[in-house]
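Summary of structural features
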Amino acid sequence: MNMKQNASRILNKILLEFTKTYPKQLIEGLVMPLMERQLTTESHHSDIIARMVRDGMNQSNRQMLLQKILESSFHWGDLVVAVIQVFVNIKLTMEHCMIKLMSDKIEQNSSLMTHNLQFGKLVLSFVNKYGIQIAFDERMSLQEAMSYHKTFLKKSVESALKKLNTS
């Protein structure tokens, strides 16, 4: 995709219908290759993928996509962070193994995202929305991840984690 502006309503409608009809093919053929190759940093692309995830996929397809992202070996960039933020914002149902995987991936990618506000926002949202589900070991992983972070969100995340640890 090479776009310089937001997608038209017609293109959005077509992509949403395609997402509803062929979600697995979309995940395998478009979304995962875009993320693996970090082919884009355009916000238009992340907006389109976010809309497809939010409005076009059911719960099981969302979980499948998130699991594929978390089990992949590629490093996170802005596109990946933006898409994962969608999952957190809609509070996708996550089992303990998925929360552990998410915490581990956050820790693995934290050294590459030290000045990234989107990453800090993602971690803060994750802690706030899934707080009581996050086990002590995962909280420690998140705390370690935030030790590298250099934005103003670092203190907010550390405070939220501290609050969870005392409750």
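Residues numbered from 1 in each chain as written. Predicted model: local features only at pLDDT ≥ 70, side-chain atom pairs only at ≥ 80, totals over all residues. Heavy atoms only, no water.

1. Re the overall build of the protein
Just so we agree on the cut-off: Strands here are runs of E lasting at least two residues and helices are runs of H or I lasting at least four, both read from the DSSP assignment and numbered beginning at the N terminus. For a compact globule the rule gives 2.2 Å times the number of residues to the power 0.38, and the radius of gyration it is set against comes from C-alpha atoms. Here's how the labels work: a residue is buried when its accessible area is under 20% of the maximum for its type, exposed when over 50%, partly exposed in between, all with a 1.4 Å probe on protein chains only.
When its secondary structure is counted, the protein shows nine helices and zero strands. Helices and strands in the protein line up, N terminus first, as α-α-α-α-α-α-α-α-α. For 167 residues, the compact-globule estimate of 2.2 N^0.38 gives 15 Å, and the protein sits close to it at 16 Å. Overall size of the protein, expressed as C-alpha extent along the three principal axes, is 50 × 30 × 25 Å. Here the protein holds 167 residues, and 49% of them are scored as buried.

2. Considerations on the nonpolar core
Selection criterion: As used here, the term nonpolar core means buried Ala, Val, Leu, Ile, Met, Phe, Trp, Tyr and Cys residues forming a set that is joined through side-chain atoms within 4.5 Å. Only heavy atoms matter for contacts: two residues are in contact if any of them lie within 4.5 Å across the pair.
Ranked by size, the top nonpolar core spans 50 residues in total, and within it Leu-65, Ile-69, Trp-76, Ile-84, Met-102, Ile-106 and Phe-126 carry the most contacts. Elements supplying a minimum of two residues to this core: α2 (23-37), α3 (43-56), α4 (59-71), α5 (78-89), α6 (96-110), α7 (117-130), α8 (136-146) and α9 (153-166). Tallying contributions element by element places α5 first for this core, with eight residues. Discounting residues that sit within four places of it in the chain, Ile-106 has contacts with Trp-76, Phe-119, Val-123, Phe-126, Leu-142 and Ala-145.

3. Some details on the pattern of salt bridges
Quick note on the threshold: Any Lys or Arg side-chain nitrogen found within 4 Å of a carboxyl oxygen on Asp or Glu counts as a salt bridge.
For the coordinates displayed, the defined rule picks out three salt bridges. The partner of Lys-68 in a salt bridge is Glu-28, with the nearest N and O atoms 2.7 Å apart. Placement of Lys-68 in helix α4 and of Glu-28 in helix α2 is noted, with a sequence separation of 40 residues between them. On the accessibility criterion, Lys-68 (29% relative accessible area) is partly exposed.

4. Remarks on the side chain of Asn-61
Position of Asn-61 relative to the elements: it lies in helix α4. Not counting residues up to four positions away in its chain, the partners in contact with Asn-61 are Pro-23, Lys-24 and Ile-27.

5. Let's talk about unusual backbone geometry
If a residue is not glycine, its phi is most likely negative; likewise, a peptide bond is most likely trans. Here Lys-91, not a glycine, exhibits a phi torsion of approximately 50°, which is positive. Along the chain, Lys-91 turns up in the loop between α5 and α6. With relative accessibility at 42%, the residue Lys-91 sits in the partly exposed group.

6. Some details on the side chain of Thr-114
Test applied: Two N or O atoms form a polar contact when they lie within 3.5 Å of each other; inside protein one atom must be a possible hydrogen donor and the other a possible acceptor, and for residues adjacent in sequence the pair counts only when both atoms belong to side chains.
Structurally, the position occupied by Thr-114 is in the loop between α6 and α7. A relative accessible area of 18% means that Thr-114 is categorised as buried. In this structure the side chain of Thr-114 is engaged in a polar contact, spanning 3.0 Å, whose partner is the side chain of His-115.

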